[in-house]
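Residue-level structure breakdown
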Amino acid sequence: MEVMHSKFRNISKYCSSMTWCKQRWRSFTKEAENSNNVSSSLVQQVLLDLKMKVEQGHTSLITQCPKISKTSPASKTDNLFINNISGHFVCEHCNKQGLWADLQDNLLQLKTQKRKSTFDCFKDLETVKPYVAEATQAKDSWQNTQLFGSLDQNLAAKLLETFNLENLSVSTLDKYNVRCDPKNEYVLLPYMVNNTLTGFKKLSLHSHTDEEQTSVRESYTPRTGPVSLFGLDIVPAAATEVILTSTEFDAMAVYQETKKPAISLPRGYSSLPQEALPSLERFKTVVLWFGDDVRAWEMAKLFSKKLNSKRCHIIRPSVEEPGPATALTQGLKLSNVLNKARPISHDSIVNFAQLRQEVWSQMIHSEQVAGVKWKRYPLLNKLLKGHRRGELTVFTGPTGSGKTTFISDYSLDLCIQGVNTLWGSFEINNARLAKTMLTQFALKNLSKNLELFDHYADQFQTLPMYFMTFHGQESVKKVIDAMSHAVYVHDIGHVILDNLQFMMGVSGSEWTDRFLKQDLMISALRKFATNMNCHVTLVIHPRKEKETEDLTTASVFGSAKATQEADNVLILQDKRLTSVRGKKYLQITKNRFDGELGIMLLKFDKDSLSFAMKEKEKTKKADGEEEGEETQEQKVEGTQEQKVEDEL
């Protein structure tokens, strides 16, 4: 009896221990279970708690299958990959893939097993499937085929012409293990993993009933399509770079003409299966070369994020740079087009997602972060209309008048309307600028409404707004290189540089040297705006003028080259020391588009930290109808505005 009690106590102790362990590990992923994605940090914590070594890959956390004995060396196919975003896992050793929750439970149970080698992983779980599964339904079709190289030369040539493969050599087709059935006239493009056929694309002839014509039809086995990548099995183990295309023909064309490893997506650029991501972890560089339409470009940018944009290069689709197969047909040299690939990411460009935490920190610790108050840090509102690509705008105004604030609101207004925007703030750091723009976007003081931060930050983060990380003096070549990259990758339509003097720095004691340096910068920016078809707004401090005098076009610092090269010259006038006391207005002194000049009175809203165009408000009658007559105050304001215009 005592023995039975002892066993019962041991069983109870074991069950209690298991319950505690499950609660402990479940707590790590409680946050993940409440969202669509899994927290990478929580997953990593679970693995570390299990004393599993973890390495951060490009798209996944990489560890080793715990079933492998510590005394035996692991092979290159014994890795366990866990996706950083979705938590989807792939275990090469166990040949399993599935959900993080299932893997977590399996790891917990495996930890308690004394004989891990005999432990049955993921027993009876429908959500866990084999990672590499042979397509049994493809066997019959595959067994009846043969390589093109084994065919009679004339027969091979006929089949190549029939299936529009005449631009590809027989050796290239054999390299990718492409097979055909001469009798039944079909071609198979295989998808293989570790020499296992996981599926294929079938090309067969289809006869039209209404016409005496045939066309090539594509079908997949399995019907849902393969989840592996075409050609990946033949890529050398030592390769660190691979070209990813959207079709099998593109991949073979690239390899044939450049001899560089090339693979393709399983179903065009409609999807990049997450199951295929672990097989790409070994590549330091992935070059995306898709088709020549807008959707191909958009999907290439989307997939680069999935692949980790830091290692991705891209060839932007265009008439001059079409897809590989099209380029081969047109007689273009594919190596020349491939050399035009540019990196997706750039060290000198950040987006709001990377600045968000710093902005939040500044808001919750506003008094500590504020430090020395900026007297010339007023904020501005949406004002200018008529944005055109390819132009250069020069913007100036007195020190402390609110140039940066106006331009930030001005660019935000365009960005909200879909104009992709790149900010280069050489005087104010990006986090502070982003905080200002977020406040202008919300049109309220978020520092006093912190509960609304996430709501507006989520919306602001979707805007096509980017920031260069330069600050202070910087070479114009480096800045234009970053701008060119942004236009190429992010389709930037508007670049703001604030301001020219800070970008130039204070080097060069002679005024003539500074003027020459500024003229060279203006010329480079003018050329950039024209060649890249991108609007550039350049903030320049004015010369020192008497505070009681208005600024003019001649007040822009430097030689006359800046205003000569500019399509538009905008001046923020500050009339606080004149008869129009306390008023500011924007003056347009040059407009190359249609020559129209004029002014706009401005007012400042403290809560939204922005300027707005001063409009004549209408009073309302008692019955609710609008009254068109102006109040006495509005009449005075109108008189003042007319007086300013008359003086100009």
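Residues numbered from 1 in each chain as written. Predicted model: local features only at pLDDT ≥ 70, side-chain atom pairs only at ≥ 80, totals over all residues. Heavy atoms only, no water.

**Structural notes on the overall build of the protein**
A count of helical and extended segments in the protein gives 21 helices and 29 strands. Relative to its 648 residues, the protein shows a buried fraction of 49%. Looking at the protein alone, contacts between residues at least 24 apart form 65% of all its contacts between residues at least 6 apart. Surface exposure of the protein reaches about 33600 Å², of which carbon and sulfur atoms provide 49%. (Helix = DSSP H or I, 4+ residues; strand = E, 2+ residues; numbered from the N terminus. Buried < 20%, exposed > 50% of the residue type's maximum accessible area, 1.4 Å probe, protein only. Contact = heavy atoms within 4.5 Å. Areas by Shrake-Rupley, 256 points an atom, 1.4 Å probe, with all protein chains shown as cover.)

**Observations concerning the nonpolar core**
M483, V495, L497 and I540 are the most contacted members of the largest nonpolar core, which totals 35 residues. Elements represented by at least two residues in this core include exactly β19 (392–396), β21 (465–468), α17 (476–490), β22 (494–498), α18 (500–504), α19 (511–531), β23 (535–539) and β24 (568–574). Looking at this core element by element, the count peaks at six residues for α17. (Core = buried A, V, L, I, M, F, W, Y, C linked by side-chain atoms within 4.5 Å.)

**Some details on the sheet that holds strand β13 (residues 262–264)**
Sheet strands pair via backbone hydrogen bonds, and the direction of the pair is either parallel or antiparallel. Reading across the sheet, the five strands line up as β13-β12-β15-β16-β17 and stay open at both edges, with mixed pairing between neighbours. Edge positions in the open sheet fall to β13 and β17 (342–343), since each of these has one partner strand only. Pairing of strand β16 (residues 312–314) with β17, which is carried by two bridges, proceeds in the antiparallel orientation. Directly across from H313, in β17, lies its bridge partner P343. This element, helix α8 (residues 248–258), spans β12 (241–245), β13 and β15 (285–289) of the sheet and lies at about 175 degrees to β13. (Pairing = 2+ DSSP bridges. Axes fitted to C-alpha atoms, helices over the stretch in contact; angles between N-to-C directions.)

**Some details on helix α14 (residues 403–416)**
Look at α14: 20 Å from first C-alpha to last across 14 residues, which is about the 20 Å you get at 1.5 Å a residue. Burial analysis of α14 places 13 of its 14 residues in the buried class, the great majority of the element. (Expected span 1.5 Å × (residues − 1).)

**Section: the sheet that holds strand β1 (residues 55–56)**
The strand order across the open sheet formed by six strands is β1-β2-β3-β4-β5-β6, and the pairing between neighbours is antiparallel. On the outer flanks of this sheet lie β1 and β6 (129–130), each paired with one strand and no other. Alignment of strand β5 (residues 96–98) against β6, held across two bridges, turns out to be antiparallel. Looking at β6, one finds that K96 is bridged to P130. Contacting β1, β2 (60–64) and β3 (79–83), helix α3 (residues 40–49) crosses the sheet at an angle of about 10 degrees to β2.

**With respect to the side chain of E248**
Considering the arrangement of structural elements, one finds E248 in helix α8. On the basis of relative accessibility, which here comes to 0%, the residue E248 falls in the buried class. Once residues lying within four places of it in the same chain are set aside, the contact partners of E248 are L189, Y191, K201, F230, S264 and P266.

**Re the pattern of salt bridges**
Considering all chains together, one arrives at six salt bridges under this definition. Of the charged contacts, one joins K561 and E565 as a salt bridge, the two residues approaching to 3.1 Å between their closest N and O atoms. Within this pair, K561 and its partner E565 are both found in helix α20 (residues 561–565), separated by four residues, close to a single helical turn. Take K561: its relative accessible area is 23%, and that puts it in the partly exposed class. Through salt bridges with shared partners, a single ionic network connects K201, E218 and E248. (Salt bridge = Lys/Arg side-chain N within 4 Å of Asp/Glu carboxyl O.)

**So, helix α6 (residues 153–162)**
Where α6 is concerned, the buried positions are A156, L159 and L160. Buried residues along α6 cover an arc of 100 degrees about the axis, so they all sit on one side. Exposed residues on α6 whose side chains face more than 90 degrees from its buried face are N154, K158 and E161. Where α6 is buried, its residues meet α7 (170–175) and β8 (179–181). (Arc of directions from axis to C-beta.)

**Structural notes on the pairing of strand β20 (residues 421–425)**
Of all five residues in β20, five are buried, a share of seventy percent or more. Across the two faces of β20 the burial is the same, with T421, W423 and S425 and L422 and G424 all buried. Alignment of β20 against β21, held across three bridges, turns out to be parallel. Bridge assignment links W423 to a residue of β21, and that residue is F467. Pairing of β20 with β22, which is carried by five bridges, proceeds in the parallel orientation. Residue T421 lies in a different strand from β22, and its bridge partner there is H494.

**Focus on the packing of aromatic side chains**
The tally for this structure, following the rule as stated, stands at ten aromatic pairs. The interplanar angle of 75 degrees and the centroid separation of 5.8 Å between the aromatic rings of Y176 and Y255 together place this pair among those described as edge-to-face. Placement of Y176 in the loop between α7 and β8 and of Y255 in helix α8 is noted, with a sequence separation of 79 residues between them. Grouping residues by exposure puts Y176 and Y255 together as buried. Arranged with centres 5.7 Å apart and planes meeting at 70 degrees, the rings of F515 and F557 form a pair that is edge-to-face. With a gap of 42 residues between them, F515 in helix α19 and F557 in the loop between β23 and α20 connect regions that are remote in the sequence. When its relative accessible area of 12% is taken as the criterion, F557 is described as buried. One aromatic cluster is present, formed by Y176, Y191, F230 and Y255 through successive ring pairs. The cationic tip of K202 hangs over the ring face of Y186; the distance from NZ or CZ to the ring centre is 4.4 Å. (Phe/Tyr/Trp six-rings, centres within 6.5 Å; stacked < 30°, edge-to-face > 60°. Lys NZ or Arg CZ within 6 Å of the ring centre and 35° of its normal.)

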